[in-house]
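Residue-level listing of the chains:
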Amino acid sequence: MPGLTAPSDYAREPPRHPSLLVNSKEPFNAEPHRSALVSSYVTPVEFFYKRNHGPVPIVDDIHKSDSRYSVSISGLVENATELYMKDILELPKYTVTATLQCAGNRRTAMSKTRKVKGVGWDIGAIGNAVWGGAKLADVLELIGIPKFSRISSLGGKHVEFVSIDKCKEENGGPYKASIPLSQATNPEADVFLAYEMNGETLNRDHGYPLRVVVPGVIGARSVKWLDSINILAEECQGFFVQKDYKMFPPSVDWDNIDWSTRRPQMDFPVQSAICSLEEVNCIKPGKVTVKGYAVSGGGRGIERVDVSTDGGQTWIEASKSQKAGSPYVSDDESCDKWAWILFEAEADIPESSEIVAKAVDITGNIQPENVQVIWNLRGILNTSWHRVLVQIAHSNP
Ligand SMILES: Nc1nc2c(c(=O)[nH]1)N[C@H]1C(S)=C(S)[C@@H](COP(=O)(O)O)O[C@H]1N2
Ligand SMILES: [Mo]
């Protein structure tokens, strides 16, 4: 498309914060330090994880009058349309606070059980942002697909998003993914075409000038650098939907895998992690503050977070940090149901021990105790209890 170009090498990548932990340089994959995740409820853009599958595309400055950036909408629609940025800006603007989490978050820890394939991540392939933009339901209504549609008049059931980037997994083609039409046309599902992140123009790493945000769903469906939208009868046949981001049982390995037997992962399960401590810590005897995040997919809020200082034998309930996620209030409209909560607990640590966190969501789903029982060859959805070791340093008298 005019107005967008995808370089095939990494010569024109955007600037990035030097403190990010880089898991892969080309394509660029990086996460913040653990402590940065809990220093604010809304993750600053520069510390928000970056997960790319190819070089970052270069797009015309959309504020220039000669910008040619547009999104084409075609497929099973009565009228194929070309939408320009001004058309999208004319739609009602909404903001939603939503946590984006890569399905590969905490993959490195899963690898320790048995090797898995994929970029290694600690606990930082997650961030919480205020996304600003148009609702996809409004965009689709504009082109003649009513709200709450399950099937379009021409038989479309899925909405495919195609990017401009070039990914080796797609043999040099663009990244793409789809979601069901029913979710796309439901205004309460809050699927966004976002042009702002935390009140600023979306930056290049996060999808400038326009990206999809699908709240409550694994990050892989939130396509960046949106180039076109296709209404399809079937789900997207691209690599990232059909040959990746599927959850297999521990019995399946690369020699007996049949991708067609599984559905693409959508909602993510309940998750939490301790961010105020490293994997191994050396502290003086006394109190320690345990801080972290907890989130669940599908708009299921967090009911509570339990913290243990003895490897999971006894538990205390953590409190939700002030100004860090809404406390439970019945029928509270302002509750950020797509967003994480930050939790905090203080505990006495008399001796060396394992500190553990586990979250429970509002439907009563609980994180699994061990990574072994959820091991899968792609290393996705490691939501096992998060554990850190604390060693007590006894000072000499
Ligand atoms: N076009 C495009 N969109 C993409 C990707 C990509 O590589 N290219 N990566 C996906 C994955 S796997 C994740 S987890 C999120 C990461 O978004 P972020 O880099 O803004 O954190 O974007 C998704 N959208
Ligand atoms: Mo991801």
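Because the structure is predicted, anything quoted here is derived from the model rather than measured.

**Q** I would appreciate a short explanation of the environment of glycine 156 in the present structure.
**A** On the secondary structure map, glycine 156 appears in the loop between helix 4 (136–142) and strand 10 (158–163). In this structure glycine 156 comes out as buried when scored by relative accessible area, which is 0%. Counting along the chain gives 151 residues from glycine 156 to valine 307, while the straight-line C-alpha distance between them is 46 Å.

**Q** Please explain the UniProt feature "domain: Oxidoreductase molybdopterin-binding" (unreviewed entry) in the chain as it appears in this structure.
**A** Those residues carrying the UniProt feature "domain: Oxidoreductase molybdopterin-binding" (unreviewed entry) are residues 53–239 in this numbering. End C-alpha atoms of residues 53–239 are separated by 12 Å, and the span's content is 12% helix alongside 32% strand.

**Q** Could you clarify how one ought to interpret the sheet that holds strand 22 (residues 341–349) in this entry?
**A** Through backbone hydrogen bonds, the strands of a sheet pair up, either in parallel or in antiparallel fashion. With respect to topology, four strands assemble into an open sheet ordered 16-18-22-21, the strand pairing being antiparallel. With partners counted over all chains shown, the strands left at the sheet margins are strand 16 (271–274) and strand 21 (319–320), one partner each.

**Q** Any chance you could explain the domain arrangement of the chain here in plain terms?
**A** For an interface, size is often stated in terms of accessible area lost upon the parts coming together. For the chain, the domain assignment lists domain 1 (4–261) and domain 2 (271–392). Across the boundary between the two partners, domain 1 contributes 49 residues, which contact 41 residues of domain 2. The contact between domain 1 and domain 2 buries some 3700 Å² in all, and 58% of this surface belongs to carbon and sulfur atoms. Contact with domain 2 buries area across many residues of domain 1, yet Arg34, Tyr41 and Arg106 alone supply 22% of it, more than any other trio. Summed over the shared surface of domain 1 and domain 2, the number is three salt bridges. In this structure, the salt-bridge partner of glutamate 279 is lysine 112, at a minimum N-O distance of 3.0 Å. Those elements giving two or more residues to the side of domain 1 that touches domain 2 turn out to be helix 1 (34–37), strand 8 (94–101), helix 3 (107–111) and strand 9 (126–135). Here the side of domain 1 that touches domain 2 gets five residues from one element, more than from any other, and that element is strand 8.

About the criteria used
- What you see as residue numbers is a count from 1 along each chain, following the sequence as written.
- Chain A is the first chain written and ligand 1 is the first ligand written, with later ones labelled in order.
- Thresholds applied to this predicted model are a pLDDT of at least 70 for local features of residues and 80 or more for the giving and counting of side-chain atom pairs; totals over whole chains, interfaces and linings are not thresholded and use all residues.
- Hydrogens and waters are ignored; side-chain quantities use all the structure's heavy atoms.
- Secondary structure elements are taken from DSSP: a helix is a run of H or I of four residues or more, a strand is a run of E of two residues or more, and numbering for both begins at the N terminus.
- Accessible area is worked out with a 1.4 Å probe on protein chains only. A residue is then buried under 20% of its type maximum, exposed over 50%, and partly exposed in between.
- UniProt positions are given in the numbering used here, feature names are shortened, and annotations may be inferred rather than shown by experiment.
- Strands are treated as partners if at least two bridges between them are detected by DSSP.
- Here the limits of each domain have been adopted from an automatic or database domain assignment.
- Contact between two residues is taken to exist if any of their heavy atoms lie within 4.5 Å; hydrogens are not considered.
- Buried area counts how much accessible surface, traced with a 1.4 Å probe, disappears from two parts once they are put together, with both parts' losses summed.
- The term salt bridge refers to a side-chain nitrogen of Lys or Arg lying within 4 Å of a carboxyl oxygen of Asp or Glu.

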